[in-house]
Every structure is written in C-alpha cells, then in structure tokens.
Amino acid sequence: MYDVAIIGAGVVGGMLARTLAAYDLKICILEKESDVGMGATRANSGIAHAGYDAEEGSLKAKLNVQGSRMMEQITKELGVPYRRNGSLVIGFGDEDRESIEKLYARGLKNGVEELRVIDGEEARRLEPGLADGVTCALYAPTAAIVCPYELAVAAVGNAMDNGAELLLDFEAGHIEKKEGYYEICAAACSQGSCGSPAEAEREDSLQGKEPSGASAFPQMPQPRKVCARYVVNAAGIYADEVAKLAGDGSIQIHPRRGEYLLLDRECGDVVSHTIFRTPSKKGKGILITPTVDGNILVGPTSVDGEDKEDKATTQQGLAEITARARENVKDIPLRKVITSFTGLRAAGNTGDFIINSPSQGFVNVAGIESPGLTAAPAIGEYVKDMLAGQGLELRRKPDYQPCRRPVYAFRNASVEEKNEMIRRDRAYGRVVCRCETVTEGEIVAAIRQNPPARDLDGIKRRTRAQMGRCQGGFCMPYLAEILSRELGISYEEITKSGRGSEINVCKTKE
C-alpha cells in the first residue's frame with residue numbers, strides 16, 4: 001500500500017514526487033511510457049516565464065510567479081542548467097504598444113519584478129538583431145531558460161534517491177475506489193483483473209504471449225496493480241481520460257500542436273534573450289530563444305487538434321515558423337537547422353490550470369499548458385498542501401537529501417578537471433559523441449543513475465549524445481553497444497524509445 005500514487009512522470013509529476021519525497025511517505029510514480037518526461041515535457045520551449053501573461057487572479061498567474069522565484073534554487077539543487085537571460089515581447093506599432101502596456105499592467109498585478117516597457121531603440125541595444133520595424137518591447141529580466149526534460153529526469157531521480165518508486169510502462173486502465181484507498185490497474189490487465197508479476201507471466205505463458213517482465217528489461221518486471229491512499233492525476237494530455245477512470249467527467253483536454261526548428265550550436269549568438277511577438281488568444285506566437293545548451297530554438301506553431309499521438313511535423317507549419325521568425329529577427333540562419341519536432345500541449349476547457357479534488361483522496365492536476373514548466377515547482381507545493389488538507393500526514397524526513405549530483409558535462413570541464421575525471425575513471429577519456437563531446441563515462445553514469453536510461457533516446461535526454469549536427473549518425477552504434485553491455489541484453493533488443501522501436505533486426509556476421 002502506497003501513501004501517494006502519482007500518475008504521470010512529466011515535469012509536474014516529477015516535481016510533486018520530489019516535494020513529497022521530503023516526507024515520511026511511501027510514494028510511487030506511474031508512467032505509461034518507457035521513460036520519464038516523454039509527453040509535453042520533452043518538446044517545449046524550455047522557458048521559465050516571468051509571469052506577466054496569465055490573467056491576474058488565475059492559478060496560472062499565481063503559480064507562474066511563485067515557480068519563477070523557486071526555479072533558480074531548485075535547478076541548483078538538482079544540478080540542472082539554468083540561465084536567467086530575460087525576455088522581450090516586441091511590438092511593431094501602436095496596436096502592439098497597447099497590448100504590451102496591458103501585459104505590463106497585468107505583470108505588475110501578478111507581482112512580476114523589474115518589468116519595463118522600452119522603446120525600439122533600447123530593445124535593439126539589448127538585441128542588435130531585432131527587426132528594424134520594432135517600435136517597443138516589454139522587457140522582463142526575470143525570465144529564464146532551463147532544459148525541461150533534464151529537469152524532469154532530475155526531479156524524478158531525486159525523488160527516487162529519497163525513496164520514491166518509479167513504475168514505467170504502466171498505463172492506468174482501471175481505477176476503483178475502495179474503503180480508504182484506490183486500486184489502480186494497468187491497462188494490460190485482462191478486464192481489470194490484476195495480479196502479481198509472477199501471476200501475470202503465468203497468465204501470458206498460458207496464452208502463448210511473451211512474459212510481461214522479459215525482453216529488453218528483465219530487471220524491471222512491472223506489477224499489474226497499485227494501491228494507494230491518495231492518487232494524483234498528472235497525466236498531461238491524457239489527464240481527462242484518467243479522471244474519467246476515477247468517475248470524474250468534468251475535464252476536457254485537447255492537444256495543441258506546436259512545431260519547432262532547432263538550429264546548430266554555432267548559431268547560439270543570434271539572440272541572447274527570449275524573443276516573443278505580442279500574444280494572440282492561442283499563445284505567444286513564434287518565439288526565438290537560446291537554449292541552455294547553446295542552440296537556438298524557433299517556434300512553436302499553435303494548432304488545435306484531436307489526435308493525442310500526432311507528433312508529425314508539416315511543411316505548412318515549418319514554413320510558418322520560418323516566415324514569422326524572419327519578421328522578428330534579421331539574418332536568422334535558418335539554413336543551420338539540425339532537426340525539427342512537434343510537441344503537444346494539454347489545452348483544457350477552463351482557460352486555467354485545472355487543479356481540483358472531485359473526490360476524497362483523488363486530485364486532478366490537468367490542463368497544465370504554458371506556463372506549466374515554470375509553475376511546476378509551485379504546483380508541487382500547492383498539491384502537497386491540498387493532500388495535507390485531506391488528511392495526508394506530513395512528517396519531514398531527517399535524512400532528506402534535496403541535492404542531486406549531475407552527470408558531469410565533460411565538454412564544459414577545464415583541462416585540469418578533465419584529467420582528474422579520466423584519472424578516476426578511464427571511460428571519461430573515450431569520447432563517443434563527437435558533435436557534443438560526450439564520453440563513455442557520462443553515458444554509463446546516465447544508465448546507472450536514477451532514473452536509469454534504458455534506450456537511445458533516454459541517453460540523448462540525459463547526456464546530449466545524438467543531439468549534435470549528425471543527430472546520432474556516428475555515435476548510435478557505440479551507444480547501443482554500451483546499453484547492451486550495461487543492461488545485460490542483446491544488441492538486437494536495444495530500442496530507440498521503448499518496446500516496438502528496435503533498431504536492429506539481426507546480426508549479419510558473427
């Protein structure tokens with residue numbers, strides 16, 4: 001029996017798990033994918049918003065500003081890159097100026113500090129590459145950038161280091177309220193009938209199926225049933241479906257597609273601030289921002305849809321990004337694009353974050369679209385207090401460790417530090433990913449550290465191997481060899497991103 005089960009291991013679920021792990025509680029995180037941070041967390045702008053955009057009095061406004069103030073300390077504790085680079089909302093005339101003045105007034109009401117409205121000349125002093133037609137801007141020095149999936153990995157890892165359990169490949173398929181607790185069965189259960197891993201394997205064997213705990217990850221057999229006194233639904237774009245499993249049909253979530261272009265790191269000095277256009281009803285428009293790793297990110301589009309699995313990029317979307325970006329920044333080197341991708345935002349039916357408790361012990365954390373990344377630390381505190389109000393006893397652990405040792409980036413180390421790393425472990429002297437200068441030592445650490453990387457994309461999100469201009473063309477075979485060795489599985493079982501994405505068919509030579 002767990003005290004708290006969190007459904008969803010994105011940045012919000014991870015931050016909540018980390019918050020609760022400071023207390024004497026038995027916690028589990030349930031994630032339907034093969035790794036953490038696989039939904040909106042892995043494909044967004046990575047911006048810690050200042051807090052001027054959300055309507056005053058909304059949960060978005062309150063938790064955005066609170067989360068923005070918490071983010072620097074939390075990223076320091078978790079060893080996650082963070083940079084307060086500031087943002088500019090640029091305008092091109094009187095109508096935009098009026099919108100910017102409204103944003104400024106709203107930001108002051110929300111409690112955003114150091115906010116200023118500046119003219120076009122001052123904006124171009126801050127960002128020389130801005131278009132000549134820029135006449136005004138809202139300058140927010142407290143805006144920052146962070147890596148969203150690294151933050152999720154670190155938050156979940158820190159929670160695990162403090163006793164929380166992570167169950168991957170566990171899709172909630174049935175939730176039943178019992179006397180004083182909830183029973184959550186995996187979708188793989190036969191008509192809601194759940195059992196132990198051993199029972200499940202026997203059942204699969206009788207039906208001629210592959211054992212559920214076998215294949216690529218024999219060391220992590222998955223249970224089919226979890227019982228918990230409290231359940232938090234942080235399932236992203238599927239939060240409405242999870243809520244329905246618990247008898248709550250009030251939430252409606254639809255995916256909002258956002259396409260992005262990522263430029264090579266040699267373009268990293270194109271802008272230093274995050275550049276927005278004046279926002280529309282659907283969002284903040286096409287932005288241009290540096291990333292904490294030195295790339296330039298351009299996007300996203302904003303297209304409402306119904307398909308919660310549609311992450312394809314489109315010619316129309318990428319053309320829109322290109323055209324809008326060139327309106328905002330001169331000479332942006334769009335020939336240096338190294339990859340494109342699409343993220344799905346969880347757009348709710350209220351216009352605000354949906355954080356409520358439809359029944360005792362069950363909490364929804366839904367509709368967490370922008371500024372959800374920024375608000376995530378504050379959401380963790382907010383939901384913790386909700387659970388305490390419903391009777392969850394919070395006794396602080398005397399041995400709680402808030403800090404996490406990061407996977408050290410070899411490329412950023414001094415010569416002396418590199419030599420010391422190699423002296424301690426010779427694997428740090430073998431560079432595997434040439435584009436990003438990632439060593440075997442870092443890759444092995446990512447596989448062994450909580451939560452462990454179990455596939456090629458998991459290594460990518462933790463170390464940046466495969467994220468350079470060759471996109472894994474050179475290093476992927478070597479990464480697969482290391483995964484095979486460390487996980488104790490065959491080369492053919494290595495996947496790109498969980499079961500069903502195997503990259504090798506068979507050996508042609510012994």
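Scroll up to find the structure.
Nothing here was measured: the structure is a model prediction, and the numbers come from that model.

Peer 1: So, the environment of Ala 9: which residues are in play, and what are the values?
Peer 2: Inspection of the secondary structure puts Ala 9 in the loop between strand 1 (2-7) and helix 1 (11-20). Exposure remark for Ala 9: the relative accessible area of 0% places this residue in the buried category. The spatial distance from the C-alpha of Ala 9 to the C-alpha of Tyr 238 is 12 Å, given a sequence separation of 229 residues. The residues contacting Ala 9, other than those within four sequence positions of it, are Ile 29, Leu 30, Glu 31, Val 36, Gly 37 and Leu 166.

Peer 1: Which residues make up unusual backbone geometry, and what are the values?
Peer 2: In this structure, Pro 300 follows Gly 299 across a cis peptide bond, with omega equal to -5°. Across the junction of Ser 370 and Pro 371, the peptide omega takes the value 10°, indicating a cis bond. Tracing the sequence through the fold places Pro 371 in the loop between strand 20 (362-366) and helix 9 (372-389). The backbone phi angle of Arg 464 is positive, close to 80°, even though this residue is not glycine.

Peer 1: For helix 5 (residues 148-161), give the residues involved together with the corresponding values.
Peer 2: In a regular helix each residue adds 1.5 Å, so 14 residues correspond to 20 Å; helix 5 covers 20 Å between its end C-alpha atoms and thus fits that length. Counting buried residues in helix 5 gives 13 out of 14 residues, a clear majority hidden from the surface.

Peer 1: Before we move on, could you go through the packing of helix 1 against helix 9 and cite the residues and values that matter?
Peer 2: One way to put it is that helix 1 packs onto helix 9 with a least axis distance of 8 Å and a crossing angle of 45°. Taken together, the axes of helix 1 and helix 9 lie oblique to each other. Helix-helix and strand crossings are classified by hand; for helix 1 and helix 9 the assignment is right-handed. Within the contact between the two elements, helix 1 uses Val 11, Val 12, Met 15, Leu 16, Thr 19 and Leu 20 and helix 9 uses Gly 372, Leu 373, Ala 376, Pro 377, Ile 379, Gly 380, Glu 381, Val 383, Lys 384 and Leu 387. Broken down by class, the residue content of the contact of helix 1 with helix 9 amounts to eleven nonpolar, three polar and two charged.

Peer 1: So, the pairing of strand 7 (residues 136-140): which residues are in play, and what are the values?
Peer 2: Counting buried positions along strand 7 yields five of five residues, so the element is predominantly enclosed. Burial along strand 7 is two-sided: Cys 136, Leu 138 and Ala 140 facing one way and Ala 137 and Tyr 139 facing the other are all buried. Across five bridges, strand 5 (residues 87-91) lies against strand 7 in antiparallel orientation. Paired with Gly 91 across the two strands is Cys 136, which belongs to strand 7. Across four bridges, the pairing between strand 6 (residues 116-119) and strand 7 is antiparallel. Bridge pairing in strand 7 places Val 117 opposite Leu 138.

Peer 1: Lay out the nonpolar core with the relevant residues and their values.
Peer 2: Within the largest apolar cluster, 54 residues are counted, with the highest numbers of intra-cluster contacts made by Ile 6, Leu 20, Val 232, Val 365, Ile 379, Val 383 and Leu 387. When residues of this core are assigned to their parent elements, the largest contribution, eight residues, is made by helix 5. Those residues within four positions of Ile 6 in sequence are excluded, and the remaining contacts are Gly 13, Leu 16, Ala 17, Leu 20, Ile 27, Cys 28, Ile 29, Leu 30, Val 232 and Ala 234. Within the second largest apolar cluster, 28 residues are counted, among which are Ala 228, Ile 237, Ile 253 and Phe 362.

Peer 1: Provide a residue-level description of the environment of Tyr 428, including the pertinent values.
Peer 2: Within the element layout of this structure, Tyr 428 appears in the loop between helix 10 (415-424) and strand 21 (431-433). C-alpha of Tyr 428 to C-alpha of Asp 119: the two residues are 309 residues apart in sequence and 49 Å apart in space. Ignoring anything within four residues of it in the chain, the contact list for Tyr 428 reads Phe 410, Met 421, Ile 422, Thr 439, Gly 441, Glu 442 and Ala 445.

Peer 1: Explain the environment of Ile 503 to me, and be specific about the residues and the numbers.
Peer 2: Mapped onto the elements of the fold, Ile 503 is located in the segment after helix 13 (476-487). The partly exposed category is assigned to Ile 503, whose relative accessible area is 33%. Distance from Ile 503 to Arg 124, taken between C-alpha atoms, is 48 Å for residues 379 residues apart in sequence. When neighbours within four sequence positions are excluded, Ile 503 is seen to be in contact with Leu 456, Met 476, Ile 494 and Lys 496.

Peer 1: Tell me what's going on with the layout of surface pockets, and back it up with residues and numbers.
Peer 2: Taken as a whole, the second largest pocket encloses approximately 810 Å³ of empty space. Lining the second largest pocket we find 35 residues, and of these Arg 42, Tyr 149, Phe 341, Lys 460 and Met 467 sit closest to its centre. Of all elements in the fold, only strand 8 (144-146), helix 5, strand 18 (337-347) and helix 12 (456-463) reach the threshold of two or more residues within the lining of the second largest pocket. By residue number, the principal contributor to the lining of the second largest pocket is strand 18, which donates six residues. Of the residues contributing to the lining of the second largest pocket, the split by class is 14 nonpolar, 13 polar and eight charged.

The rules behind each value
Residues numbered from 1 in each chain as written. Predicted model: local features only at pLDDT ≥ 70, side-chain atom pairs only at ≥ 80, totals over all residues. Heavy atoms only, no water. Helix = DSSP H or I, 4+ residues; strand = E, 2+ residues; numbered from the N terminus. Buried < 20%, exposed > 50% of the residue type's maximum accessible area, 1.4 Å probe, protein only. Contact = heavy atoms within 4.5 Å. Expected span 1.5 Å × (residues − 1). Axes fitted to C-alpha atoms, helices over the stretch in contact; angles between N-to-C directions. Parallel < 35°, antiparallel > 145°, perpendicular 65-115°, else oblique. Left-handed = near helix turned anticlockwise from the far one by under 90°. Nonpolar A, V, L, I, M, F, W, Y, C, P; charged D, E, K, R; others polar. Pairing = 2+ DSSP bridges. Core = buried A, V, L, I, M, F, W, Y, C linked by side-chain atoms within 4.5 Å. 1 Å grid on protein atoms, 1.4 Å probe; cavity = no way out; pocket = protein on both sides within 12 Å on 5 of 7 lines; lining within 4 Å. Points joined across faces, edges and corners; volume = space filled by probe spheres on them.

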